[in-house]
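# Chains, contacts and geometry: an overview
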Amino acid sequence: MKVSEILAGSTKPYPSIEIVPPLRGITKDELLESIAPFMEFSPKYINVTSHRDEFEYRQAADGSFSRHLVRNRINETTVCAAIMSRYDVETVPHIICAGTTGEEIESKLDNLAFLGINNIVALRGDSISGEKRFSPSPGGYRYASELVEGIRSYQGSTSYRRSRGLDTDERFFCIGVGAYPEKHFEAPNIETDIVNLKKKIDAGADYIITQMFFDNSKYYTFVEKCRTAGINVPIIPGLKPLSTVRQITTLPEAFSLDIPLELTKAMQSATDNKEAAYRTGMEWCIMQCKDLIAHGVPAVHFYTMGKSDNIVNILKECF
Ligand code: FAD
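Here's a quick rundown of the structure. (Residues numbered from 1 in each chain as written. Predicted model: local features only at pLDDT ≥ 70, side-chain atom pairs only at ≥ 80, totals over all residues. Heavy atoms only, no water.)

A few words on the side chain of His94. By the secondary structure assignment, His94 is in strand 5 (residues 90–96). In this structure His94 comes out as buried when scored by relative accessible area, which is 6%. Side-chain polar atoms of His94 contact the side chain of Asn47, separated by 3.0 Å. What His94 contacts, discounting residues up to four positions off in sequence, is Glu18, Asn47, Val48, Thr49, Ser50, Glu76, Val121 and Leu123. (Helix = DSSP H or I, 4+ residues; strand = E, 2+ residues; numbered from the N terminus. Buried < 20%, exposed > 50% of the residue type's maximum accessible area, 1.4 Å probe, protein only. Polar contact = N/O pair within 3.5 Å; in protein donor to acceptor, adjacent residues only side chain to side chain. Contact = heavy atoms within 4.5 Å.)

Shown next, in the form of structure tokens:
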């Protein structure tokens, strides 16, 4: 089932779970066991993130350097297939423009369609380490809006439609896109960022998932601005519980977001107590989640980032 249909047919908010593909060396069973705790809540779908290939330079004995591809993680399509082989759940792979050509993306779409996966989250991805600004691969997409257009035009091609037996107007893929209540770090201001977000919706995206935030008022203001700008699709809030004191520094750096003073102080007061810090982050997230649900959000998206205990407790408290 498509996420757009789930959203349209849902009578109460539901949790959506995002996992990161395991590092190479982890077995399929280990992966499936790690997500088993979430399955107790019968999630409607599981998102699986995508990670661009990195390169490293190795020096030979003669002093020359050669470039080598480094793939640290199992790819998202394989992880989706593994999840569906064990659990009766939809999967939503993320597809990124970064480090890929349009043709490679078409091939990914073929693989997803083959597996019967008709949900995608379309994202740009980030620059490779050492690169200051994002630059697309030759023949690749510059922005997520171009990727959304690419997916829509690919499935509009005659041969594709014939192979899937699709009617003229039917869309095979339901597409989600990302958005930033505190603005994307490259955007000059939130208004411009929202204009660019609308390009993704106009290109054919069906719904939005936000970057994590720790102050719900930022999300509510953002949704209002989007509605004023003519963005009318569902906007699913994204949450992540803090789990260590260190994250009050690393998350703002990595994701260009604010941690409220009250939460910062509460985490700092737990500096010498890992358990207290973990509990503080979790309780803050429960408070955020309950408030979002009370405000009638369609769903709450959880960035699990390899942790399950805290998310499971939050799901128990809130859903
Ligand atoms: P875009 O929508 O392309 O926007 C990027 C920047 O370009 C913004 O500043 C925007 O304002 C600007 N822009 C957009 N269109 C135009 C235009 N036409 N002209 C000028 N400027 C424009 N990353 C991963 O690598 N893998 C993942 O699985 C992943 N999952 C994510 C899931 C969610 C829900 C979110 C919110 C983010 C995720 N990310 C992921 C991170 C994401 O790839 C980065 O935040 C990236 O920097 C931006 O991606 P985007 O799709 O929002 O880009």
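For the rest of this paragraph, the subject is the packing of helix 11 (residues 274–294) against helix 12 (residues 309–318). Look at helix 11 against helix 12: their axes get within 10 Å of each other, and the N-to-C directions meet at 35 degrees. Considering only the axes of helix 11 and helix 12, their crossing is right-handed. Facing helix 11, whose interface residues are Tyr278, Met282, Cys285, Ile286, Cys289, Lys290 and Ile293, helix 12 presents Asp309, Asn310, Asn313, Ile314, Glu317 and Cys318. (Axes fitted to C-alpha atoms, helices over the stretch in contact; angles between N-to-C directions. Left-handed = near helix turned anticlockwise from the far one by under 90°.)

All right, on to the environment of Ile83 then. For Ile83, the position within the fold is in helix 3 (residues 76–86). Ile83 gets classed as buried once you look at its relative accessible area, which sits at 0%. In this structure, Ile83 is in contact with Ile19, Leu32, Ile35, Ile46, Val48, Val89 and Thr91, ignoring residues within four places of it in sequence.

One can describe the packing of helix 7 (residues 190–202) onto helix 8 (residues 216–228) by two numbers: an axis separation of 10 Å at closest approach and a directional angle of 60 degrees. Our classification of the angle between helix 7 and helix 8 gives oblique. Handedness of the helix 7/helix 8 crossing: right-handed. Here Ile190, Glu191, Ile194 and Leu197 of helix 7 come into contact with helix 8, specifically with Phe222, Lys225 and Cys226. (Parallel < 35°, antiparallel > 145°, perpendicular 65-115°, else oblique.)

Unusually for a residue other than glycine, Ser42 sits at a positive phi of about 45 degrees. Its location among the elements puts Ser42 in the loop between helix 2 (28–39) and strand 2 (45–48). Among the residues examined, Ser42 registers a relative accessible area of 56% and is labelled exposed. Here Lys183, not a glycine, exhibits a phi torsion of approximately 80 degrees, which is positive. Mapping Lys183 onto the fold places it in the loop between strand 7 (174–179) and helix 7.

The next subject is the layout of surface pockets. In this model, the second largest pocket occupies a volume close to 160 Å³. Considering the residues around the second largest pocket, the lining is formed by Ser10, Thr11, Lys12, Pro13, Tyr14, Pro15, Phe41, Ser42, Pro43, Lys44 and Phe319. (1 Å grid on protein atoms, 1.4 Å probe; cavity = no way out; pocket = protein on both sides within 12 Å on 5 of 7 lines; lining within 4 Å. Points joined across faces, edges and corners; volume = space filled by probe spheres on them.)

Here we come to the pattern of salt bridges. When charged atoms on two side chains of opposite charge get close, those side chains can pair. On inspection of all chains with the given rule, the structure shows 13 salt bridges. Close ionic contact of Arg71 with Asp53 constitutes a salt bridge, the shortest N to O distance being 3.0 Å. Linking Arg71 in the loop between strand 4 (65–70) and helix 3 with Asp53 in the loop between strand 2 and strand 3 (54–59), this pair joins segments that are 18 residues apart in sequence. We note a salt bridge from Lys108 to Glu76, for which the minimum N-O separation is 2.6 Å. Highlighted residues: Lys108 in helix 4 (residues 102–115) and Glu76 in helix 3, separated in sequence by 32 residues. Overall, the relative accessible area of 4% leaves Glu76 in the buried class. Salt bridges linked by common partners bring Arg124, Asp126 and Glu186 together as one network. (Salt bridge = Lys/Arg side-chain N within 4 Å of Asp/Glu carboxyl O.)

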